[in-house]
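Chain residues, written in single-letter form:
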Amino acid sequence: MCKHDVSPVELGGRMVVQRFLNRNLVWKSLCTFLILNATGCGGGGSDSSSAPSSTPTICTVSGVPSVSQVTGALSNGQTVTITGSGFGNCGPTVVLFDDFEKGTNGNPISTASGSAQVGHWTAVEDIPHNPRYSTAYRHSGSNCFLADQSTGDGGHWAVVNFPGTYFVYASYWVFLPSDREVPGTGESLGPNWKLADITGGNYLAGEYASNWTAGVVLGDLPLAPGTFQLPNPWHDAAGLTELGYGSTSWTKGRWHRFENFYAGGWSGNGIVQMWEINASNARTTVCDEANLNTIHPGDAWSWFRLHAYARQDASGQCYYDDIYVATGPGARARVEIGNAPNYEDCTNLAIFTPTVWNETAINAQVRSGSFLAGQNAFLFVINASGTASAGYPLTMD
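1. Structural notes on the confidence of the model for the chain
Looking at the chain, pLDDT values average 88 and 86% of them are 70 or higher. Below pLDDT 50 for its whole length, residues 1-49 participates in 98 contacts with residues either more than four positions away or in separate chains.

Below is the structure:
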């Protein structure tokens, strides 16, 4: 387990972690942000007091979904209707999808309403450490998210707040150029890149509750054994289950997708899962762990932060694209297109954003990712249990 430069303080009867907001979000900027978002300067989003009171119950769906028909234009941003069976009645609550196409190269990532395709970021780190739109590289469209670690040590983050939940699923593409390095490589403290994290508490006030990373890179790519830390508890970690280290096929110069799923549980009933995919490697399970303690009683996750932390490095430019975050008991349920008839054989996937979901029909907006007009693809429905349908063949419009 890595050491982290944080200090615990007593808050509300439990040990949590407080860190300075000096350059992450100065108090004046925080107050301005909160006033503009009508929450008041004493608020700032959900905290552990918003935790559901009952024991976490994940939605499970038996059987395998089957797609019988897809109607509507298969082009980016259009709505399609998918009919079939075995979808289950619990779909995801999509809190964010951002392909960064609404931004302008070089500008800070926006927190304005409507600035992402679904939802919007709640806050970003302050200038000059804020993440920015970039056209230097992209997985889809023209823009992506750039965290430039040359400006300083820290997260260079964007964070989205949502109602407290026990279940979070996230999918994101990440890229490190061939001539760049994992931030911290060659520096005195060494490489350290925390891709993303989830937490309860009031993050904008420096509070963390049942905080989990999405994976930590502790070497330059490609990674040697023992340098890729699986999702693990970070702040407020006492009593939560550590997962240790794993492996990844991620390398420089190639877009790579990670998926993370967290199910809260404090009595040995929590779940943490992670998958990866890239152009040379079909979808692979990075970790699949159950019977864990993943959350403290009384907590609920209410924040997702992208680019949670990295060292300062003049050659540490980190890129992300096509960020999707869903919550609720059906968080794992989703619609995707891939480049193979079997979901697990795909080396490219693009995730849609559902708006209606029931046992036999789904309405979803097309998010084409890197699939182009005229390209053959296969549509998959994945139910809340994580079971994928057979691919339904179609051609992108």
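2. With respect to the state of the cysteines
Inspection of every chain in the model, using the stated rule, returns one disulfide. Residue pairing for Cys59: its cysteine sulfur links by disulfide to Cys90, the two sulfurs lying 1.6 Å apart. A torsion of -50 degrees about the S-S bond marks the disulfide between Cys59 and Cys90 as left-handed. Residue Cys59 is found in the loop between helix H1 (27-36) and strand S3 (66-71), and its partner Cys90 is found in the loop between strand S4 (79-85) and strand S5 (93-98); the two are separated by 31 residues along the sequence. In this structure, Cys59 and Cys90 share a single accessibility class: buried.

3. A short note on the packing of aromatic side chains
Ring pairs (aromatic) are described by centroid distance and by the angle formed between their planes. Summed over the entire model, instances satisfying the criterion amount to 22 aromatic pairs. Look at Phe145 and Tyr320: their rings are 5.4 Å apart centre to centre, the planes differ by 90 degrees, and that puts the pair in the edge-to-face class. Of the two residues, Phe145 sits in strand S8 (residues 144-148) while Tyr320 sits in strand S19 (residues 317-327), which places them 175 residues apart along the sequence. Each of the two residues, Phe145 as well as Tyr320, counts as buried. Through pairs of rings, three or more aromatic residues link up here, namely Phe100, Trp121, Tyr133, Phe145, Tyr172, Trp193, Phe228, Trp250, Phe258 and Tyr320. Directly above the aromatic system of Trp234 lies the positively charged group of Lys194, at a separation of 5.0 Å from the ring centroid.

4. What about empty space enclosed by the protein?
Per the stated rule, a full pass over the model turns up one cavity of 30 Å³ or more. A volume near 60 Å³ is recorded for the largest cavity. Lining the largest cavity we find Phe97, Ser171, Trp173, Arg257, Asp322, Leu349, Ala350, Ile351, Arg367 and Gly369. If you list the elements that add at least two residues to the lining of the largest cavity, you get strand S10 (167-175) and strand S21 (349-351). Examining the composition of the lining of the largest cavity, we find that three residues originate from one element, S21, more than from any other. Residue composition of the lining of the largest cavity, by class: five nonpolar, two polar and three charged.

5. Comments concerning the environment of Ile109
Position of Ile109 relative to the elements: it lies in the loop between S5 and strand S6 (123-124). Ile109 sits 21 residues away from Asn130 along the chain, and the two C-alpha atoms are 7.5 Å apart. Once residues lying within four places of it in the same chain are set aside, the contact partners of Ile109 are Phe100, Trp121, Val124, Pro131, Arg132, Tyr133 and Phe145.

6. Digging into the pairing of strand S18 (residues 301-310)
Where burial is concerned, most of S18 is hidden: 10 out of the 10 residues are buried. Here strand S9 (residues 158-165) pairs with S18 via five bridges, running antiparallel. What sits directly across from Val159, in S18, is Arg305. One ladder, built from six bridges, connects strand S11 (residues 193-200) with S18; its direction is antiparallel. Bridge pairing in S18 places Lys194 opposite Tyr309.

Thresholds, definitions, all that
- Residues numbered from 1 in each chain as written.
- Predicted model: local features only at pLDDT ≥ 70, side-chain atom pairs only at ≥ 80, totals over all residues.
- Heavy atoms only, no water.
- pLDDT = per-residue confidence, 0-100.
- Contact = heavy atoms within 4.5 Å.
- Disulfide = S-S within 2.5 Å.
- Helix = DSSP H or I, 4+ residues; strand = E, 2+ residues; numbered from the N terminus.
- Buried < 20%, exposed > 50% of the residue type's maximum accessible area, 1.4 Å probe, protein only.
- Phe/Tyr/Trp six-rings, centres within 6.5 Å; stacked < 30°, edge-to-face > 60°.
- Lys NZ or Arg CZ within 6 Å of the ring centre and 35° of its normal.
- 1 Å grid on protein atoms, 1.4 Å probe; cavity = no way out; pocket = protein on both sides within 12 Å on 5 of 7 lines; lining within 4 Å.
- Points joined across faces, edges and corners; volume = space filled by probe spheres on them.
- Nonpolar A, V, L, I, M, F, W, Y, C, P; charged D, E, K, R; others polar.
- Pairing = 2+ DSSP bridges.

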